[in-house]
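# Chain and residue survey
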Amino acid sequence: MTMLQPKNWPKWDATAERSVQLATELLQLRFNLLDQLWRGASYLVLMCMPLWLLLLHEQGWHVPLAFSLPCAMLLLPLAFYRRHLSYAVLSKLLTGLLWLIGLPWVMHYGLSSHGLWWMLMACVYAGALWGRRQILVSLPTLVLWFVLSLNVTSHPADSPLLAGLSLLCGGAFLSLLMHTSSQGYGALMRMLLNLKSQADILEIDSKQDPLTGLPTLRLMADRLLVAQRAAQRNNHKVGILFVDLDGFKAINDNYGHEAGDHLLKKVAQRLRCAAREEDTVARIGGDEFLVLLPRLEQGASAAEVARRIVHSLSQPFAYQGVDLHIGASIGIAIYPDHASDSEGLRRAADQAMYRVKHSTKSGYAFAHEFQEARSKKRLD
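Residues numbered from 1 in each chain as written. Predicted model: local features only at pLDDT ≥ 70, side-chain atom pairs only at ≥ 80, totals over all residues. Heavy atoms only, no water.

## Digging into the confidence of the model for the protein
- When pLDDT is averaged across the protein, the result is 76; 74% of the residues are at 70 or more.
- Ignoring residues within four places in sequence, the model shows residues 1–13, a span with pLDDT below 50, making 30 contacts including any to other chains.
- Note on residues 370–380: pLDDT under 50 across the span, and seven contacts to partners over four residues away in sequence or across chains. (pLDDT = per-residue confidence, 0-100. Contact = heavy atoms within 4.5 Å.)

What follows is the structure, encoded as structure tokens:
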């Protein structure tokens, strides 16, 4: 028998399920952000398209239009098929196309052209989509803007189309940035609130058994430590009862796990009734329980609690018209008589329970009885 190893698998399954749920929400948040950025870039292309065509009619083909128009035309069909591509491909395509749309205008007209807004959008989107990789895009972009703006051909100041493009792109970029930021902030806050609530649930699950509602081994260990310190100050004793059910496996095998779960719930109720008001009953494994007696004047009090538990659990449990019968093997250890620390106390109670289970069953024994028996055997 493995001593004090939690076997509360449903609790761990719930924890794993919540972790998967959180990871799914994070992934969904990233895809939602990417989806909004794709739509924003597509709308901006549609708004700029008439002005580009008018500029093409006015000035004819030149370098900025020759590069930016094909990239803009490519961005639109990709926006319709974006849900069929992976996140990595979509994020790189989006930032790359924004770069290629804005860079020719900056190279030809300088930083005063609307290409500034396209490249700035590419940097901001890269930071939002890639996180720390933003610096790999932002810094080279700023250096490139500065170098290219040193020797460029300035566009005519009286060109209403170029001025209109700059105003349109600047206003659209700021509007998209504010909308995306507000949407992303709201989604992030909702996710953080959900994470906080899940963290609270995990904290409760780590201290409370979800099936029986009893404290877990973690909470029991904390209370045992507190009880030991109080015993040292006030010069009294602390008792531990290690309870293992007899015949529980046969009920699980014959009647199924639903019957076993039903039985464990009823056992938890009877243990609470048999224990004293100040005692703590905890479930530490599949059919293993610990009862903490935080204040004892003598060992007879612990024996009385153990007798009540054995008698209570020996009574039949009704389940779907059938009486289920089990017993209880209990090992009792007293602090500081049998051990001077928490782990030693639990180990002594476990060993005493183990001997009862393999001898008489459905009974109890103190740890010192077996310690004395072993000592006497060595002397003989």
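## Description of the sheet that holds strand E1 (residues 237–246)
- Judged by pairing direction, the sheet is mixed, and its five strands sit side by side in the order E2-E3-E1-E6-E7 without closing on themselves. Looking at the sheet topology across the chains shown, the edges are occupied by strand E2 (280–283) and strand E7 (364–366). Taken over all neighbouring pairs, the strand axes of this sheet differ in orientation by 20° on average, direction set aside. (Pairing = 2+ DSSP bridges. Helix = DSSP H or I, 4+ residues; strand = E, 2+ residues; numbered from the N terminus. Axes fitted to C-alpha atoms, helices over the stretch in contact; angles between N-to-C directions.)

## Here's the deal with the side chain of Asp-279
- If you trace the backbone, Asp-279 turns up in the loop between helix H9 (257–274) and E2.
- Classification of Asp-279 by relative accessible area gives buried; the value is 11%.
- Leave out the neighbours within four places in its chain, and Asp-279 touches Val-291, Leu-292, Leu-293, Pro-294 and Val-305. (Buried < 20%, exposed > 50% of the residue type's maximum accessible area, 1.4 Å probe, protein only.)

## Thoughts on the pairing of strand E6 (residues 327–335)
- Where burial is concerned, most of E6 is hidden: nine out of the nine residues are buried.
- With burial as the criterion, each face of E6 is covered, one bearing Gly-327, Ser-329, Gly-331, Ala-333 and Tyr-335 and the other bearing Ala-328, Ile-330, Ile-332 and Ile-334.
- Here nine bridges tie E1 to E6, and the two strands are oriented antiparallel to one another. Bridge pairing links Val-243 to Ile-330 in E6.
- In this sheet, E7 lies alongside E6 in parallel orientation, the contact comprising three bridges. Each residue of the ladder has a partner; that of Ile-330, found in E7, is Tyr-364.
- Taken together, E6, helix H11 (residues 342–357) and E7 form a β-α-β motif whose crossover is left-handed. (Right-handed = clockwise from strand over helix to strand, strands pointing away.)

## Concerning the pairing of strand E3 (residues 288–296)
- By the criterion of burial, E3 is predominantly enclosed, with seven of the nine residues buried.
- Examined bridge by bridge, E1 and E3 share seven bridges and lie antiparallel to one another. Considered in E3, the bridge of Ile-240 is made with Leu-292.
- Here E2 hands over to E3 after four residues, the two strands then running antiparallel side by side.

## Description of the packing of aromatic side chains
- Counted by the stated rule, this structure contains one aromatic pair.
- Just above the ring of Phe-317 sits the side chain of Arg-270; from NZ or CZ to the centre is 3.6 Å. (Phe/Tyr/Trp six-rings, centres within 6.5 Å; stacked < 30°, edge-to-face > 60°. Lys NZ or Arg CZ within 6 Å of the ring centre and 35° of its normal.)

## Some remarks on H9
- Counted at 1.5 Å a residue, the expected span for H9 with its 18 residues is 26 Å, and the 25 Å between its end C-alpha atoms agrees.
- Within the sequence span of H9, burial applies to Ala-259, Gly-260, Leu-263, Leu-264, Val-267, Ala-268, Leu-271 and Ala-274.
- Buried positions along H9 lie against E1, helix H8 (248–255), E2, E3, helix H10 (299–314) and strand E4 (317–319). (Expected span 1.5 Å × (residues − 1).)

## Regarding the environment of Ala-349
- Tracing the sequence through the fold places Ala-349 in helix H11.
- On a C-alpha basis, the gap between Ala-349 and Ala-365 in space is 8.9 Å, while along the polypeptide they are 16 residues apart.
- Apart from the residues lying within four places of it in its own chain, the contact partners of Ala-349 are Ile-240, Phe-242, Gly-331 and Ala-333.

## A closer look at the pattern of salt bridges
- A complete count under the given rule lists 11 salt bridges for this structure.
- Notably, a salt bridge pairs Asp-337 with Lys-237, separated by 2.9 Å at the nearest N-O pair. Here Asp-337, found in the loop between E6 and H11, pairs with Lys-237, found in strand E1; they are 100 residues apart in sequence, far enough to count as distant.
- As a salt-bridge pair, Arg-276 and Glu-278 come within 3.6 Å of each other at their nearest N and O atoms.
- Classification of Glu-278 as partly exposed rests on a relative accessible area of 45%.
- Here the salt bridges do not stand alone but share partners, grouping Asp-244, Asp-246 and Lys-357 into one network. (Salt bridge = Lys/Arg side-chain N within 4 Å of Asp/Glu carboxyl O.)

## Here's the deal with the nonpolar core
- Membership of the largest hydrophobic core comes to 44 residues, with the highest contact counts inside it found for Trp-38, Val-45, Trp-52, Leu-75, Leu-94, Leu-98 and Trp-118.
- Contributing elements (two or more residues each) for this core: helix H1 (9–59), helix H2 (63–80), helix H3 (87–109), helix H4 (115–130) and helix H6 (160–207).
- If one sorts the elements of this core by residue count, H1 sits on top with 12 residues.
- In this structure, Trp-38 is in contact with Leu-75, Leu-78, Ala-79, Arg-82, Leu-90, Leu-93, Leu-94 and Leu-97, ignoring residues within four places of it in sequence.
- Core analysis: the next-biggest nonpolar cluster, separate from the first, contains 35 residues, Leu-263, Leu-271, Val-281 and Leu-313 among them. (Core = buried A, V, L, I, M, F, W, Y, C linked by side-chain atoms within 4.5 Å.)

## A short note on a nonpolar patch on the surface
- A contiguous nonpolar patch, built from Tyr-43, Leu-46 and Met-47 and spanning about 310 Å² of accessible area, is present on the exposed surface.
- Position of Leu-46 among the secondary structure elements: in helix H1. (Patch = residues over 30% accessible without salt bridge, like charges linked within 9 Å, V, L, I, M, F, W, Y side chains within 5 Å. Areas by Shrake-Rupley, 256 points an atom, 1.4 Å probe, with all protein chains shown as cover.)

## Remarks on the side chain of Thr-280
- Looking at the element boundaries, Thr-280 is found in strand E2.
- Engagement of the side chain of Thr-280 in a polar contact is seen with the side chain of Arg-223, the distance being 3.2 Å.
- Residue contacts for Thr-280: discarding those within four places in its chain leaves Pro-215, Met-220, Arg-223, Leu-290, Val-291 and Leu-292. (Polar contact = N/O pair within 3.5 Å; in protein donor to acceptor, adjacent residues only side chain to side chain.)

## Focus on helix H7 (residues 217–234)
- Its 18 residues give H7 an end-to-end C-alpha distance of 25 Å, which sits within 8% of 26 Å, the value for a rise of 1.5 Å per residue.
- Turning to H7, its buried residues are Leu-217, Leu-219, Met-220, Leu-224, Ala-227, Gln-228, Ala-230 and Ala-231.
- Phi turns positive, to about 60°, at Asn-235, one or two residues after H7.

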